There are 2 protein chains.
Amino acid sequence: MAIPRAAKTQRRTRIQEAKEEQILEAALDVFSVSGFRGSTIDQIAEVAGMSKPNLLYYFRTKEAMHRALIDRVLFTWLEPLRAFDAAGNPESEIRSYIRRKLEMARDFPRESRLFANEVLQGAPHIEDELKGPLKALVDEKADVIRTWAKEGKIVKCDPYHLIFSIWSTTQHYADFDVQVRAVLGQDNSGEGRFEDAARFLEQLFIDGLRVAQP
Amino acid sequence: MAIPRAAKTQRRTRIQEAKEEQILEAALDVFSVSGFRGSTIDQIAEVAGMSKPNLLYYFRTKEAMHRALIDRVLFTWLEPLRAFDAAGNPESEIRSYIRRKLEMARDFPRESRLFANEVLQGAPHIEDELKGPLKALVDEKADVIRTWAKEGKIVKCDPYHLIFSIWSTTQHYADFDVQVRAVLGQDNSGEGRFEDAARFLEQLFIDGLRVAQP
DNA sequence: TGTAATGTTTACCAACCGGTCAAATTATCT
DNA sequence: AGATAATTTGACCGGTTGGTAAACATTACA
């Protein structure tokens, strides 16, 4: 008799690792489009190219799949904010934060939509992460920004709303991709739109915050 | 024998009007949280306080409910952008556009989330509206902005990305409300956050666009 | 008041949903 | 090779889903 997910063996098989990877990849495809409630295990199974019971052999429930996916993606997702450095100078830090966030919107749109779906639907599965680790990280970086403002390096402004505005403007290009493409039309909806967006946003934030130019 | 939705009578009964209103109100509650696929007719029926077959007497399918809801809300939703006036001066136009959008995020968060859910999931039901009326409206307003830039009233910038950034920053407070509250903490997540956001965003956009002060 | 149209509900259906089970298949190790 | 553990699948289950049929109740109107 098989015991799911190698509760005995401690070490994970190559097969286990590969299959779990394969499942989470498919789950990301599906969850990021339809949200938790709107997705079905069958859909994920089909995308993953394996049978439903086989999926459930590696993840006991649909919720476990979602949980594993969120956990895996959350850390990576906050990487750019974590890299936000108090020691650096405001201009380059803000510039590179915007760039990094835009790159993530371009390269990992599914991850962005996964969170967007989750938060939009009331964040029933990640409330703790938001109120705990996320809030702590933002609090820390907000302090950095506040210090810059006090030192006259940037204009005085609410650091939380500054962070929100960078989040929203950059993630917009992943989450509302269809709308962006529709509005820009066929001609302008190539990959170049990310460069255009970067230029616009850097200008907006650097000038808007009256970042002191060295 | 009853014929659904008065295909014969042409004129809608008071009851019809009232019930359809009641249903769409409930549907907005449910769809805005769970998206189309994640919502069930039973949920809507319960919120509306009527039986499922009764709902289906007024709207033949779940899709018809969603369609009617989108159609009704779309017009209102674009009102602020429509009000954006070429004749006005850039500063007050941009200021009031931001204010209006923020007010909508505050007063009609369900409507915002309804669209967010829809677009996030690939806009399967409103693709035509995005590529048609929405694009046309944005094209028109983009021209206004471009003219302002040419006249030196604001800095030269991509008008489309400017509009996107106003959309995303303002709607963020409706769509990602849970996250905003979580990060701001209990103390700062009262209604005052909209005032704070307005102050920040006006400052950001007015300074960031180097709007000529008269 | 009678009656036809409109509105509402109960009972129901077939398809789908998340998840289980046991049997079959495959990989691993000696 | 043979034994054992890990993996995979088809068949299935109870509950839910979108939607229907038909009987019942209410309203509008002559």
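Only a predicted model underlies this, so the values are computations on that prediction, with no experimental measurement involved.

### Focus on helix α6 (residues 90-107) of chain B
Residues and elements named next belong to chain B.
Here's step 1: The end-to-end C-alpha distance of α6, which contains 18 residues, comes to 25 Å, matching closely the 26 Å that a straight helix rising 1.5 Å per residue would cover.
Here's step 2: Within the sequence span of α6, burial applies to P90, E91, E93, I94, Y97, I98, K101, L102, M104 and A105.
Here's step 3: N-cap assignment for α6: the residue whose side-chain oxygen lies 3.1 Å from the backbone N of E91 is N89.

### Examining the interface of chain A and chain B
Here's step 1: Of the residues lining the interface, 56 residues belong to chain A; the matching set on chain B comes to 56 residues.
Here's step 2: Here chain A meets chain B over a buried area of about 4,800 Å², counting both sides, of which 68% is carbon and sulfur.
Here's step 3: Between chain A and chain B we count zero salt bridges in total.
Here's step 4: For the interface between chain A and chain B, the tally reads eight residue pairs in polar contact (both at pLDDT 80 or more).
Here's step 5: Every element with two or more residues in the side of chain A that touches chain B is listed here: α1 (14-38), α6 (109-120), α7 (127-150), α8 (159-175), α9 (177-188) and α10 (192-208) of chain A.
Here's step 6: In terms of residue count, α8 of chain A provides more of the side of chain A that touches chain B than any other element does, twelve residues in total.
Here's step 7: Across the side of chain A that touches chain B, the residue classes tally to 27 nonpolar, 17 polar and twelve charged.

### Structural notes on the packing of helix α8 (residues 127-150) of chain B against helix α9 (residues 159-175) of chain B
Relative placement of two packed helices is described by the angle separating their axes and the distance separating the axes.
Residues and elements named next belong to chain B.
Here's step 1: Contact pair α8 / α9: the axes reach a minimum separation of 9 Å and the direction vectors enclose 115°. On the basis of their axis angle, the class for α8 and α9 is roughly perpendicular. Where α8 crosses over α9, the two elements pack in a sense that is right-handed. Here L134, V138, D139, K141, A142, I145 and R146 of α8 lie close against α9, whose contacting residues are P159, Y160, L162, I163 and W167.
Here's step 2: For the contact of α8 with α9, a count of residues per class yields nine nonpolar, no polar and three charged.

### Thoughts on the pattern of salt bridges
Here's step 1: Following the criterion strictly, the structure yields 42 salt bridges over all chains and no others.
Here's step 2: One salt bridge in this structure joins R99 of chain A and E195 of chain A, with 3.3 Å as the shortest N-O distance. Of this pair, R99 of chain A sits in helix α5 (residues 90-107) while E195 of chain A sits in helix α10, placing them 96 residues apart in sequence.
Here's step 3: Residue D71 of chain B is joined to R67 of chain B by a salt bridge in which the shortest nitrogen-to-oxygen separation is 3.4 Å. Of this pair, D71 of chain B and R67 of chain B both sit in helix α4 (residues 62-77), four residues apart, which is roughly one turn of the helix.
Here's step 4: Looking at D71 of chain B, the relative accessible area reads 41%, which means it is partly exposed.

### A closer look at the relation of the copies chain A and chain B
Here's step 1: Overlaying chain A on chain B yields an RMSD of 0.1 Å, the required transformation being a rotation through 180° with an accompanying axial translation of 0.0 Å. Within this description, the copies of the chain are treated as partners about a two-fold rotation axis. Relative to the rotation axis, the closest C-alpha in chain A is found at G208 of chain A, a distance of 1.6 Å.
Here's step 2: By residue overlap, the copies meet face to face through one surface: 100% of the interface positions of chain A are interface positions in chain B.

### Details of the packing of aromatic side chains
The description of an aromatic ring pair rests on the distance of the ring centres and on the angle between the ring planes.
Here's step 1: Tallying each qualifying case throughout the model produces 16 aromatic pairs over all chains.
Here's step 2: When the ring of F84 of chain A is compared with that of Y97 of chain A, the centres are 5.5 Å apart and the planes differ by 80°; the resulting orientation is edge-to-face. One end of the pair, F84 of chain A, is in the loop between α4 (62-83) and α5; the other, Y97 of chain A, is in helix α5, and 13 residues separate them in sequence. With respect to burial, F84 of chain A and Y97 of chain A carry one shared label: buried.
Here's step 3: One aromatic cluster in this structure is built from F164 and W167 of chain A together with Y173 and F194 of chain B.
Here's step 4: It is K62 of chain B that lies over the ring of F36 of chain B; its NZ or CZ is 4.7 Å from the centre.

### Points about the confidence of the model for chain A
All names here are of chain A.
Here's step 1: Averaged over all residues, the pLDDT of chain A is 91; the fraction at 70 or higher stands at 92%.
Here's step 2: Confidence over residues 5-11 falls short of pLDDT 50; this stretch has nine contacts with residues more than four positions distant or in other chains.
Here's step 3: Reported confidence for the predicted complex is 0.91 by ipTM and 0.92 by pTM.

### Topic: the domain arrangement of chain A
Residues and elements named next belong to chain A.
Here's step 1: On domain assignment, one finds that chain A holds domain 1 (5-65) and domain 2 (69-209).
Here's step 2: Placing the centre of domain 1 and that of domain 2 at their C-alpha centroids yields a distance of 29 Å.
Here's step 3: Of the residues lining the interface, 14 residues belong to domain 1; the matching set on domain 2 comes to nine residues.
Here's step 4: For the pair domain 1 and domain 2, the summed buried surface comes to about 1,100 Å²; carbon and sulfur atoms form 54% of the total.
Here's step 5: By the criterion of area lost to domain 2, the three top residues of domain 1 are L24, L28 and S32, representing 47% of everything that side buries.
Here's step 6: Taken together, the links from domain 1 to domain 2 amount to three salt bridges.
Here's step 7: D29 is the salt-bridge partner of R110, the closest N and O atoms lying 2.6 Å from each other.

Conventions we followed
Residues numbered from 1 in each chain as written. Chains lettered and ligands numbered in written order. Predicted model: local features only at pLDDT ≥ 70, side-chain atom pairs only at ≥ 80, totals over all residues. Heavy atoms only, no water. Helix = DSSP H or I, 4+ residues; strand = E, 2+ residues; numbered from the N terminus. Expected span 1.5 Å × (residues − 1). Buried < 20%, exposed > 50% of the residue type's maximum accessible area, 1.4 Å probe, protein only. Polar contact = N/O pair within 3.5 Å; in protein donor to acceptor, adjacent residues only side chain to side chain. Contact = heavy atoms within 4.5 Å. Buried area = accessible area lost by both parts, 1.4 Å probe. Salt bridge = Lys/Arg side-chain N within 4 Å of Asp/Glu carboxyl O. Nonpolar A, V, L, I, M, F, W, Y, C, P; charged D, E, K, R; others polar. Axes fitted to C-alpha atoms, helices over the stretch in contact; angles between N-to-C directions. Parallel < 35°, antiparallel > 145°, perpendicular 65-115°, else oblique. Left-handed = near helix turned anticlockwise from the far one by under 90°. Least-squares fit on C-alpha atoms with pLDDT ≥ 70 in both. Phe/Tyr/Trp six-rings, centres within 6.5 Å; stacked < 30°, edge-to-face > 60°. Lys NZ or Arg CZ within 6 Å of the ring centre and 35° of its normal. pLDDT = per-residue confidence, 0-100. Domains from an automatic or database assignment.

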